[in-house]
Amino acid sequence: MSAVQPTIAAIATAPGRGGVGVIRLSGKNLLPLAQTISGGKTPKPRQALYTDFLAADGKPLDNGLLLYFTAPASFTGEDVIELQGHGGPVVMDMLLQRCLELGAKMAEPGEFTKRAFLNGKLDLAQAESVADLIDASSQSAARMALRSLKGAFSEHVHELVDGLITLRMLVEATLDFPEEDIDFLEAADAKGKLAGLQAQLQTVLASATQGAILREGMNVVLVGAPNVGKSSLLNALAGDDVAIVTDIAGTTRDTVREQITLDGVPIHIIDTAGLRETDDVVERIGIERSRKAVQEADIALILLDPREGINATTRAILESLPASLKKIEIHNKIDLSGDSASVSDGIDTLSGADTVIKISAKHKQGLDLLKQALLKQVGWQGESESLFLARSRHLNALHTAAAELENAALCGNHQIELLAEHLRLAQVACNEITGEFTADDLLGVIFSRFCIGK
């Protein structure tokens, strides 16, 4: 960081009451502040000091542990102080206000981690994984976020960049000797190195795609005619009565959302109000919200009563679904039809879906088949040690790099300048992941989504 940044302070523990609360500060030369708030005591770096935390008039505000980390051996790369006191909201606010009186300013969301990135303590992919670890909605997601925080993803990206740099050196060296360029590149096996980089990038992309599934999960909407069993299926999947179930059409008058976890993957299930025309104002609002949820979904579970087949209401619903939306057709109420729970690849489809599953939501028959089909539809292959959590922007960057390498492979023997440019653009795309090349406005967006104090 080129300019001296002001000292920042924030409550680093979650809001509410707790046994311990933490105030975190980061800035330059914080030893005088530590001495002032502890009544003249001099803390030793990286050793806990038990002390009173004093107000401006010298009276104790609280007591606890003071930890002092000197730059650059700290999370942010600056001097860092942590005040660990009692975790009541009033006490924490009093301590924070005292820090502000001593010259600190309130930290912005993610500002501590942003400083760690700007001071070279973390690259951008690692910094993002801090927020992902905090927000992890499953144990698998937490483990993969920790792998990214420890640099697993960044290591793969750096290997790609190193390979691109080596190949670019070979290609650009020939630009000064155009009469020897073809022989030189053939002798250096430039095509073989390019093919190797393409294969390496596809491996990283495959792992990142799985990591993105683990991080983002998938949005699943339940659609169908009124009273076909959508709410019963939601309750069965959630393992609780989260939606009201009656025989009255239109019972669900708004979207009902629930999250479950399948093999570590978060599944966001949305029970939609029956998509139909109605004069009821409240129900009509719920139906509009349902249509919006369908547009944003990854997968639609189309519930049918096979005894009725495709009626006019169901046909209208099917026609309203986006053409690109993945669909699983659910033949519900097999306890009434006499069928057995089963899954087939579109053999008995009535809606044009690729997969048909016969279940009884009421008696929870066939739910395991449905859960397996959901994971298959999203492309989940299971957790492994090679996975790391990834974001949409990481996937976009990798796809861009892959496209540039593909263009590079298409360059002819006399298109050396074009080959060099495609390799350069591939490297720029990879560097965007770790932050070696990142626009300031993107940094603002990324860190604004962190919690305050982190």
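Within an unreviewed UniProt entry, the label attached to the chain reads tRNA modification GTPase MnmE, and the organism entered is Neisseria arctica. A UniProt comment under Sequence similarities (unreviewed entry) is attached to the chain, and it reads "Belongs to the TRAFAC class TrmE-Era-EngA-EngB-Septin-like GTPase superfamily. TrmE GTPase family." Entered under Subcellular location (unreviewed entry) in the UniProt record, the comment concerning the chain runs "Cytoplasm".

Enquirer: Help me out: how do you make sense of the pairing of strand β3 (residues 49-54) in this one?
Expert: Within a regular beta strand, the side chains point alternately toward one face of the sheet and then the other, so they alternate between its two faces. As paired elements, β3 and strand β4 (residues 60-69) share six bridges and run antiparallel to each other. Opposite Leu54, over in β4, you have Pro60 as the bridge partner. Count of turn residues in the β3/β4 antiparallel hairpin: five residues, of which Gly58 carries a positive phi of about 90°.

Enquirer: Help me out: how do you make sense of helix α4 (residues 124-135) in this one?
Expert: Since the α-helix packs 3.6 residues into each turn, any two residues three or four apart lie on the same face. Taking 1.5 Å per residue, twelve residues should reach 16 Å; α4 reaches 17 Å between its end C-alpha atoms and fits that length. Counting buried residues along α4, nine of its twelve residues qualify, which places the element largely inside the surrounding structure. Listing the buried residues of α4 in full gives Leu124, Ala125, Gln126, Ala127, Glu128, Ser129, Val130, Ala131 and Asp132.

Enquirer: Is there a simple way to think about the side chain of Asp132 in this case?
Expert: Its location among the elements puts Asp132 in helix α4. According to the relative accessible area criterion, Asp132 is buried, its value standing at 6%. Once residues lying within four places of it in the same chain are set aside, the contact partners of Asp132 are Ala145, Arg215, Leu389 and Arg391.

Enquirer: Explain the UniProt feature "binding site: Mg(2+)" (unreviewed entry) in the chain here, please?
Expert: UniProt's feature table lists "binding site: Mg(2+)" (unreviewed entry) at Ser231 and Thr252, given in the numbering used throughout. Here Ser231 is to be found in helix α9 (residues 230-238). Take Ser231: its relative accessible area is 10%, and that puts it in the buried class.

Enquirer: Explain helix α5 (residues 139-149) to me, please; I cannot follow it from the model alone.
Expert: Every buried residue of α5 is listed here: Ser140, Ala141, Met144, Ala145 and Ser148. In an axial view of α5, the angular spread of the buried residues amounts to 130°, which keeps them on one side of the axis. Of the surrounding secondary structure, the elements contacted by the buried residues of α5 are α4, α6 (152-173) and α8 (190-216). Gly151 occupies a position one or two residues after α5 and carries a positive phi of about 105°.

Enquirer: Just to check I follow, could you spell out the sheet that holds strand β1 (residues 8-11) for this structure?
Expert: Picture the strands of a sheet paired through backbone hydrogen bonds; they go either parallel or antiparallel. One open sheet accounts for six strands, arranged β3-β4-β5-β2-β1-β6; its pairing is mixed. Here the strands that pair on one side only, and so sit at the sheet edges, are β3 and β6 (105-106). Both strand β2 (residues 18-27) and strand β5 (residues 79-87) contribute to a ladder of eight bridges, which runs antiparallel. For Gly18, the partnering residue across the bridge sits in β5 and is Gly87.

Enquirer: Could you clarify how one ought to interpret the nonpolar core in this entry?
Expert: Side chains that are nonpolar tend, in soluble globular proteins, to be buried together. Among the nonpolar cores identified, the biggest contains 37 residues, and Phe153, Leu167, Val171, Leu405 and Leu423 are the most heavily contacted of them. Secondary structure elements with two or more residues in this core: α6, α8, α14 (392-409) and α15 (416-434). With sequence-adjacent residues up to four places away left out, Leu423 is seen in contact with Leu164, Leu167, Arg168, Val171, Leu194, Leu405 and Ala408. Within the second largest apolar cluster, 35 residues are counted, among which are Val220, Leu234, Ile330 and Leu374.

Enquirer: Any chance you could explain the sheet that holds strand β7 (residues 218-223) here in plain terms?
Expert: In space, the seven strands of this open sheet follow the order β8-β9-β7-β10-β11-β13-β12, with mixed pairing throughout. Bordering the open sheet on either side are β8 (256-262) and β12 (342-344), each of which pairs with just one other strand. Averaged over all neighbouring strand pairs, the angle between strand axes comes to 25°, with direction disregarded. Sitting on the sheet, helix α13 (residues 367-378) touches β7, β8, β9 (265-271), β10 (299-304), β11 (326-331), β12 and β13 (355-358), and the angle it makes with β11 is about 170°.

Definitions and limits used
- Residues numbered from 1 in each chain as written.
- Predicted model: local features only at pLDDT ≥ 70, side-chain atom pairs only at ≥ 80, totals over all residues.
- Heavy atoms only, no water.
- UniProt positions renumbered as here; feature names shortened; annotations may be inferred.
- Pairing = 2+ DSSP bridges.
- Helix = DSSP H or I, 4+ residues; strand = E, 2+ residues; numbered from the N terminus.
- Expected span 1.5 Å × (residues − 1).
- Buried < 20%, exposed > 50% of the residue type's maximum accessible area, 1.4 Å probe, protein only.
- Contact = heavy atoms within 4.5 Å.
- Arc of directions from axis to C-beta.
- Core = buried A, V, L, I, M, F, W, Y, C linked by side-chain atoms within 4.5 Å.
- Axes fitted to C-alpha atoms, helices over the stretch in contact; angles between N-to-C directions.

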